[in-house]
Amino acid sequence: MTDLELPAVTPVEAVNWAEIPSPAFVLDESRLRRNLSLISQVQRESGAQIIVAFKGFAMWSTFPLLREYGITGATASSLNEAILAREEMRGEVHVYAPAYSDEDFPRILELADHLIFNSFGQWERFRPQVQAAREQGRSLQVGIRVNHEYGEVETDLYNPAGPFSRLGVTRREFREDLLDGVDGLHFHSLCENDSSTLERTLVAFEEKFGEFLGHMKWVNFGGGHLMTRAGYDIPRLIRVIREFKARHGVHVILEPGSAFGWQTGWLVSSVLDVVHNVKDAAVLDVSVSAHMPDVLEMPYRPRILGAGDPPEQGQHRSDDGTPVAAGHPYIIGGTTCLAGDVIGEYIFDQPLQIGDRIVFDDMIHYTMVKTTFFNGVKHPDIGILRTDGRYDRVKSFGYKEFKAKLS
């Protein structure tokens, strides 16, 4: 990979958090452009097609920026996402879902350029409709998702190749006799992994399904390629893709989601109250369960700008044996009635006051796409910090949106 001069990003210290309405998801345009520059170069130098996976990043107000950098396709996992891809991405629409319903499939068929089936049973069920569309002149590409039963994902919740997975066809269940009309194979077994994991994954994939690649036009490597993370081995990624294309003579597609939104912005919140029950706890105007569900699902501990971690057990103990922190410890919790709507304990340099901004880092990918209106709490705005320093609020939520989810 040739050296790439990535665009400069807005220093965190330069952001006036007090001027941003709270709560709000804030995407930094300069950081998104940095990611897009890198993704665009990988696409050019590898010869692969890179499309954005809506399940990880679907902030459609940024799609003009994606198109500016040559990202012209999206992968959808539902009818709603497919409609969004057609209306707002305005490029190729790739659709995969674990199963299609009779009600949704005709409309999905109208929208899709690439249509991937999770099983041969689904392919047999809907093949007559696909064939009819092709006979009417549609250049529709069809794929089958396969499961090579190899994964390096530590969290079972995110491991599509785990035991008894419902996602993809294993080699034991593969139907060579039903490949007529199938143009490609799709696999997805990565989750924020490096290219070394992809290289090992391809060994397993080719061992199980390599004999069928001579009949395919393309292979979709799925998502989980976190190429915008610091330390990711991008030259290896480019080499691995090039070598695979050369071995099999197929077009290669990647569909990351996190890589687009990785480290591109924040969730800005405010302290509503501070309560004390043996320890101090700060109640924020955001919810962990409603606005940061991956914190509980993954689980992981998000970084708060300007805050640190509490001391480990056994360190900095007082005379009575309790840990002592250099600073002011607070348990950080959300504003819903759920007792477990809590992130954990953080250390701050100064005591927290009502109205103080609490800024969670890296909150753009797999956040807005998962938020809920649980408990009716205020949903954060969506905004963009422009490269000229201007804050642009692109979406706000109120009672109308909350009511629209119910009946």
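Residues numbered from 1 in each chain as written. Predicted model: local features only at pLDDT ≥ 70, side-chain atom pairs only at ≥ 80, totals over all residues. Heavy atoms only, no water.

As annotated in an unreviewed UniProt entry, the protein carries the name Carboxynorspermidine decarboxylase and is attributed to Deinococcus malanensis. Per UniProt, the protein has the following entry under Cofactor (unreviewed entry): "pyridoxal 5'-phosphate". (UniProt positions renumbered as here; feature names shortened; annotations may be inferred.)

Student: Explain the pairing of strand β12 (residues 279-284) to me, and be specific about the residues and the numbers.
Tutor: Sheet topology note: the strand β11 (residues 265-277)/β12 ladder contains six bridges and is antiparallel. Within β12, the position partnered with N277 by the bridge is K279. Counting the residues between successive antiparallel strands, the hairpin from β11 to β12 contains one residue, one of them, V278, with a positive phi of roughly 70°. Relative to strand β14 (residues 328-333), β12 runs parallel, the two being bridged by three bridges. Bridging across to β14, V283 finds its partner in G333. (Pairing = 2+ DSSP bridges. Helix = DSSP H or I, 4+ residues; strand = E, 2+ residues; numbered from the N terminus.)

Student: Pulling in residues and values, what's your account of empty space enclosed by the protein?
Tutor: On inspection of all chains with the given rule, the structure shows one cavity of 30 Å³ or more. Of the volumes computed, that of the largest cavity is approximately 30 Å³. Residue lining of the largest cavity: R145, V146, N147, H148, P160, A161, L167, F187, H188 and S189, and that is the complete set. Its residues placed into classes, the lining of the largest cavity shows five nonpolar, four polar and one charged. (1 Å grid on protein atoms, 1.4 Å probe; cavity = no way out; pocket = protein on both sides within 12 Å on 5 of 7 lines; lining within 4 Å. Points joined across faces, edges and corners; volume = space filled by probe spheres on them. Nonpolar A, V, L, I, M, F, W, Y, C, P; charged D, E, K, R; others polar.)

Student: Provide a residue-level description of the nonpolar core, including the pertinent values.
Tutor: Counting residues in hydrophobic clusters, the biggest one holds 101 residues, and the most contacted among them are L115 and F360. No other element matches the six residues that helix α7 (residues 234-248) contributes to this core. Judged by nonpolar contacts, the second largest core, of ten residues, contains W17, L305, V359 and L385. (Core = buried A, V, L, I, M, F, W, Y, C linked by side-chain atoms within 4.5 Å. Buried < 20%, exposed > 50% of the residue type's maximum accessible area, 1.4 Å probe, protein only.)

Student: Which residues make up the packing of helix α1 (residues 29-46) against α7, and what values go with them?
Tutor: The N-to-C vectors of α1 and α7 enclose an angle of 35°; their axes lie 9 Å apart at closest approach. Here α1 runs over α7; the crossing is right-handed. Residues L38, V42, E45 and S46 of α1 lie in contact with α7, whose contacting residues are I234, L237, I238, I241, R242 and K245. Tallied by class, the residues present in the contact of α1 with α7 amount to six nonpolar, one polar and three charged. (Axes fitted to C-alpha atoms, helices over the stretch in contact; angles between N-to-C directions. Left-handed = near helix turned anticlockwise from the far one by under 90°. Contact = heavy atoms within 4.5 Å.)

Student: Could you give me a rundown of the packing of aromatic side chains, with the residues and numbers involved?
Tutor: What the rule picks out here adds up to 19 aromatic pairs. A centroid spacing of 4.9 Å and a plane angle of 40° characterise the contact between F187 and F205, whose relative ring orientation is tilted. Of the two residues, F187 is situated in the loop between β8 (184-186) and α6 (195-209) and F205 in helix α6; the sequence distance between them amounts to 18 residues. When sorted by exposure, F187 lands in the same class as F205, which is buried. (Phe/Tyr/Trp six-rings, centres within 6.5 Å; stacked < 30°, edge-to-face > 60°.)

Student: Give a detailed account of the layout of surface pockets, specifying residues and quantitative values.
Tutor: Computed from the structure, the second largest pocket encloses a volume of approximately 720 Å³. Sorting the residues of the lining of the second largest pocket by element identifies α3 (79-89) and β18 (391-395) as the ones contributing at least two each. The element contributing the most residues to the lining of the second largest pocket is α3, with three residues. Class assignment of the residues belonging to the lining of the second largest pocket gives a composition of 13 nonpolar, seven polar and four charged.

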